[in-house]
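A look at the structure
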Amino acid sequence: MEDFYREIIIDRYKTPHFRGELEPNDITYEDDNPACGDHIRIDVRIDENQVVTEAAFSGEGCAISLASADLLLESIIGKSLEVVKELAKEDILDMLGIELGPVRLKCALLPLKVLKAGVYGIGGDDSKE
Amino acid sequence: MTAKTTTGFDVQQVRKDFPVLSREVRPGVPLIYLDSAATSQKPEVVLQAMSAYYRENNANIHRGIHQLAEEATHAYETAREKIVRFIHAPSTEQLIFTRNTTEAINLVAFSWGRNNLSAGDHILLTEMEHHSNLVPWQLLAAEMDLVLDFIPVTPEGVLDLDEYQKLLKNNPKLLALTHMSNVLGTINPLKEIIRDAKSIGAVTLVDGAQSVPHFPVNVVDLEADFYAFSAHKMCGPTGIGALYGQKDLLEKMPPFLGGGEMIKRVELRSFKANDLPHKFEAGTPAIAEAVGFGAAVDYLLELGMDKIEEHERLLTNYAMEKLAEIPDLTVLGPPAEKKGGVISFYLNDIHAHDVAQIMDGSGIAIRAGHHCAQPLHIKFNIPATGRASMYLYNTLDEVDRFVDGIQKVKDIFK
Ligand SMILES: Cc1ncc(COP(=O)(O)O)c(C=O)c1O
């Protein structure tokens, strides 16, 4: 079971690369995992081509959810929002490199859920501003 | 571990009564079950009683005159009698079977609340309530324009009784509080609290989900007007719980759910409600579960509730002592002498989920999260805690393994 806590997960949990908040931002969204009280906010900046230039997360969570957030944000820098919308559960599990039961899966997927809600929230057009 | 044990309580013998305790979580990893506050394990006698009921007596109750229907009705009503005796209630009319504690509290909110409260009335709760003794009152308050007041929890994790006295000046119509906190483990001094509430004419409801399973409870002595608890936390099955109530209150309350069983006579546009307790038991009830509930109570009584309480006290004292030696670990709630066998804790910089996950790797089942008491976690400014909760079948050796498990967590996150 300890291999569950792969080094990359502990590392990213203890020294995340993308922790923080971006103000101003183009996309921001936050949500909770009601089962455990985890709370994640994700801020994203995009350029005129809808490509992610910067991203940051903040909030409270377990090693799985926070490492997942950090790895997820790393993976979207330089990607277009269209690509971000295509991200799926499998991508997250690949990044973490572990298999998860239903309860922990919720932790791992919370950042993706938050990110996608944010991205779909602005609807892919520039109506916000 | 050969520390002192409770006299006349053979925990190894008790463990043999619970089939699940002999399983391995994964090959070579025995189960250490420390999540009984969520739900307890079930002894063989309960499983057998339910199985025997289905194999031998199954029928619907109170409505057939054939042999099986008589037997099923008898089994169901006998279970009620057992539970009545267990909490020292005066009569079977005062013991309503519900689905669980939550439904029992909702029954009171719906049926008593809607008929005895009016806009502007105060309801007094506490900051340590489980969501099931909070949300029903929030719903009612929104519907009826009521005011909710809360007895604060002190930093130590007990009720602030001075503030309580002040809040009584708002003349609450109802005081609803837990006997024992499922997070802090705090056992509230109910007798005095209820006495003071009654002196200003408030009706009192006690959430007994964590008390009835763990120590002797006498509802008459406590003078509670309503007392709610669940079978599944006291060695019984899920799907059944109970509400005890004062007779005069219950008699004046309209039914909760409508349907069969709760009626005496029905016409197209009207009905006459059945007598207590059936008035509040609409539809076919959880009959086999009631039988299992009765068997659970028999089982607990045979071991002796005071013996069980003493055994848990030993475990709690021991665990609190051991945990106090671990740096970076904080236990929420009061010292051992004011609490039952519920230990919520957190480790600096390690999330409770990770703690529980790593523990699970060693076969140790604890809970992580806010344990359905989110406001309390907000108050203490902790997103989540780990919770180890103990029951009659836990051992000192298991406490040691739990403490070792915490060390392992710390090593992984070092
Ligand atoms: C203090 C307390 N109240 C109420 C409940 C709710 O019990 P149930 O889910 O059986 O209705 C619980 C258990 O989860 C509890 O610990």
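Residues numbered from 1 in each chain as written. Chains lettered and ligands numbered in written order. Predicted model: local features only at pLDDT ≥ 70, side-chain atom pairs only at ≥ 80, totals over all residues. Heavy atoms only, no water.

For the rest of this paragraph, the subject is the overall build of chain A. Each helix and strand counted, chain A has 5 helices and 3 strands in total. Along its sequence from the N terminus, chain A presents helices and strands in the succession α-β-β-β-α-α-α-α. The burial tally for chain A puts 47% of its 129 residues in the buried class. For chain A, the proportion of contacts with a sequence separation of at least 24, taken over those separated by at least 6, is 62%. (Helix = DSSP H or I, 4+ residues; strand = E, 2+ residues; numbered from the N terminus. Buried < 20%, exposed > 50% of the residue type's maximum accessible area, 1.4 Å probe, protein only. Contact = heavy atoms within 4.5 Å.)

Residues and elements named next belong to chain B. A complete count under the given rule lists 12 aromatic pairs over all chains for this structure. Both rings, one in Phe345 and one in Phe402, keep their centres 5.7 Å apart while their planes meet at 75°; by these two values the pair is edge-to-face. One end of the pair, Phe345, is in strand β14 (residues 342-347); the other, Phe402, is in helix α14 (residues 396-412), and 57 residues separate them in sequence. Each member of the pair, Phe345 as well as Phe402, carries the same accessibility label: buried. (Phe/Tyr/Trp six-rings, centres within 6.5 Å; stacked < 30°, edge-to-face > 60°.)

What follows is about the interface of chain B and chain A. Chain B puts 17 residues into the contact, and the matching count from chain A is 19 residues. Across the interface of chain B and chain A, roughly 1,500 Å² is buried in total on both sides, 59% from carbon and sulfur atoms. If you sort the residues of chain B by the area they bury against chain A, B:His353, B:Gln357 and B:Phe413 come out on top, with a joint share of 36%. Put simply, B:Asp354 and A:Arg104 hold a salt bridge, and the shortest N to O gap is 3.3 Å. Connecting chain B to chain A are 10 residue pairs in polar contact (both at pLDDT 80 or more). (Buried area = accessible area lost by both parts, 1.4 Å probe. Salt bridge = Lys/Arg side-chain N within 4 Å of Asp/Glu carboxyl O. Polar contact = N/O pair within 3.5 Å; in protein donor to acceptor, adjacent residues only side chain to side chain.)

Residues and elements named next belong to chain B. Taken together, 13 residues lie near the ligand, and Thr102, Asp207, Gln210, Ser230 and Lys233 sit nearest. Contacts to the ligand include Gln210, whose side-chain N or O atom sits 2.6 Å from an oxygen atom. About the coverage of the ligand: the protein hides 88% of its 390 Å² of free accessible area. (Near = heavy atom within 4 Å. Areas by Shrake-Rupley, 256 points an atom, 1.4 Å probe, with all protein chains shown as cover.)

Our next topic: the sheet that holds strand β9 (residues 226-230) of chain B. All names here are of chain B. Strand order in the open sheet made by the 7 strands is β4-β10-β9-β8-β7-β5-β6, with mixed pairing throughout. Each having just a single partner strand, β4 (95-98) and β6 (147-151) make up the two edges of the open sheet. Adjacent strand axes in the sheet meet at a mean angle of 20°, parallel and antiparallel pairs treated alike. When strand β7 (residues 174-178) meets strand β8 (residues 203-207), the two strands line up parallel, connected through 5 bridges. Across the sheet, the residue bridging to Leu175 is Thr204, located in β8. The strands touched by helix α4 (residues 101-116) within the sheet are β4, β7, β8, β9 and β10 (241-245), with β9 carrying the most contacts at an inclination of about 150°. (Pairing = 2+ DSSP bridges. Axes fitted to C-alpha atoms, helices over the stretch in contact; angles between N-to-C directions.)

As a further point, take the sheet that holds strand β3 (residues 52-60) of chain A. Residue and element names in this part refer to chain A. Taken in spatial order, the 3 strands make up an open sheet running β1-β2-β3, and their pairing is antiparallel. The open sheet has two free edges, formed respectively by β1 (27-33) and β3, since each of these has just one partner strand. Geometrically, the sheet is characterised by an average inter-axis angle of 15° between neighbouring strands, direction not taken into account. Strand direction decides the pairing type here: strand β2 (residues 38-46) and β3, joined by 8 bridges, are antiparallel. Its bridge partner being in β3, Val44 is matched across the sheet by Ala55.

What follows concerns the confidence of the model for chain B. Across chain B, the average pLDDT comes to 95, with 99% of residues at 70 or higher. Interface confidence for the predicted complex, given as ipTM, is 0.79, next to a pTM of 0.92. (pLDDT = per-residue confidence, 0-100.)

What follows concerns unusual backbone geometry. With an omega of 0°, the peptide bond between A:Glu23 and A:Pro24 qualifies as cis. Note on placement: A:Pro24 falls in the loop between α1 (7-14) and β1. One non-glycine residue with positive phi stands out, namely B:Cys235, at about 75°. By the element assignment, B:Cys235 lies in the loop between β9 and β10. The backbone of B:Asn381 shows a phi angle near 60°, a positive value even though the residue is not glycine. If you trace the backbone, B:Asn381 turns up in the loop between α13 (374-379) and β17 (385-389).

Turning next to the pairing of β6(B). Residues and elements named next belong to chain B. Of the pairings in the sheet, the one linking strand β5 (residues 122-126) to β6 comprises 5 bridges and is parallel in character. Looking at β6, one finds that Thr126 is bridged to Ile151. In the classification by handedness, the crossover that spans β5, the intervening helix α5 (residues 135-144) and the parallel β6 is right-handed. (Right-handed = clockwise from strand over helix to strand, strands pointing away.)

This part takes up the pattern of salt bridges. Counting across every chain of the model gives 28 salt bridges over all chains. In this structure, A:Glu23 engages A:Arg41 in a salt bridge whose closest nitrogen and oxygen atoms are separated by 2.8 Å. Residue A:Glu23 is located in the loop between α1 and β1, and its partner A:Arg41 is located in strand β2; the two are separated by 18 residues in the primary sequence. One salt bridge connects B:Glu143 with B:Arg114, and the closest N-O pair in it is separated by 3.1 Å.

On to the nonpolar core. One finds B:Tyr227, B:Phe293, B:Leu300 and B:Leu392 to be the most contacted residues of the largest nonpolar core, which totals 80 residues. It is helix α10 (residues 287-303) of chain B that provides the largest number of residues to this core, a total of 10 residues. For this core, the two domains that each supply at least three residues are domain 1 (11-42 + 305-413) and domain 2 (47-301) of chain B. Core analysis: the second largest hydrophobic core is formed by 73 residues, A:Ala63, A:Leu81, B:Leu329 and B:Ile412 among them. (Core = buried A, V, L, I, M, F, W, Y, C linked by side-chain atoms within 4.5 Å. Domains from an automatic or database assignment.)

So, about the domain arrangement of chain B. Residues and elements named next belong to chain B. Domain annotation of chain B identifies domain 1 (11-42 + 305-413) and domain 2 (47-301). Taken residue by residue, the interface counts 39 residues in domain 1 and 36 residues in domain 2. Taken together, the links from domain 1 to domain 2 amount to 2 salt bridges. Glu127 serves as the salt-bridge partner of Lys379, at 2.7 Å between the closest nitrogen and oxygen. Listing elements by their share of the side of domain 1 that touches domain 2, those giving two or more residues are α11 (305-324), β14 and α13. Here the side of domain 1 that touches domain 2 is composed, by residue class, of 19 nonpolar, 11 polar and 9 charged. (Nonpolar A, V, L, I, M, F, W, Y, C, P; charged D, E, K, R; others polar.)

Take the side chain of A:Asp38 next. Structurally, the position occupied by A:Asp38 is in strand β2. A distance of 3.4 Å separates the side chain of A:Asp38 from the side chain of A:Ser65, its partner in a polar contact. Excluding anything up to four places from it in sequence, A:Asp38 contacts A:Asp31, A:Asp32, A:Asn33, A:Glu60, A:Gly61, A:Cys62, A:Ser65, A:Cys107, A:Leu110, B:His351 and B:His353.

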